[in-house]
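Spelled out, the chains give:
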Amino acid sequence: LVDRGRPREALTLSDQSLKIWTATATPLGASTAQAHAIHGYALAGVGRTREAAQELDAAIPVLLQSRGADDPAVRRAQAWRSNVQGG
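Worth saying up front: this structure is predicted, and the values here are computed from it rather than measured. (Residues numbered from 1 in each chain as written. Predicted model: local features only at pLDDT ≥ 70, side-chain atom pairs only at ≥ 80, totals over all residues. Heavy atoms only, no water.)

Draft legend 1. Quick look at the side chain of T32. Following the sequence through the fold, T32 ends up in helix 2 (residues 30-45). The residues touching T32, leaving out its near neighbours within four places in the chain, are L18, W21, T22, A25, T26 and P27. (Helix = DSSP H or I, 4+ residues; strand = E, 2+ residues; numbered from the N terminus. Contact = heavy atoms within 4.5 Å.)

Draft legend 2. Summary view of the pattern of salt bridges. Taken as a whole and assessed by the stated rule, the structure comprises six salt bridges. Of the charged contacts in the structure, one is a salt bridge between R48 and E51, with a shortest N-O distance of 2.7 Å. Here R48 falls in the partly exposed class, since its relative accessible area comes to 36%. (Salt bridge = Lys/Arg side-chain N within 4 Å of Asp/Glu carboxyl O. Buried < 20%, exposed > 50% of the residue type's maximum accessible area, 1.4 Å probe, protein only.)

Draft legend 3. Spotlight on helix 2. Between the first and last C-alpha of helix 2 there are 23 Å, a value that for 16 residues agrees with the 22 Å anticipated at 1.5 Å per step. Listed in full, the buried residues belonging to helix 2 are A30, T32, A33, Q34, A35, A37, H39, G40, A42 and L43. The inward-facing, buried residues of helix 2 contact helix 1 (7-24), helix 3 (49-67) and helix 4 (72-83). Positive phi appears at G47, one or two residues downstream of helix 2, with a value of about 90°. (Expected span 1.5 Å × (residues − 1).)

Draft legend 4. Broad picture of the environment of T49. Structurally, T49 is set in helix 3. Judged by its relative accessible area of 29%, T49 falls in the partly exposed class. For the pair T49 and Q85, spaced 36 residues apart in sequence, the C-alpha to C-alpha distance is 6.2 Å. Those residues in contact with T49 that lie beyond four places of it in its chain are V84 and Q85.

Right under this line is the structure:
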């Protein structure tokens with residue numbers, strides 16, 4: 001949705017997803033980290049770069065450890081973080 005020009009809708013849905021993953025999955029697990037990364041991307045899409053950087057900075061190490069550096073989700077999260085100004 002962010003890539004389709006609908007970042008506010010993306011943020012609403014990623015917030016809901018993050019709440020679900022946080023409530024039902026391992027807090028430091030890969031799925032929860034991925035939800036944080038996506039939420040960070042949505043935050044960046046609406047200009048909340050500091051919060052986006054915080055989400056991505058927390059998620060990327062977990063993703064790296066659980067999935068490895070060559071995983072597409074890890075590379076995507078790293079690219080999102082490199083595009084976020086601030087933080």
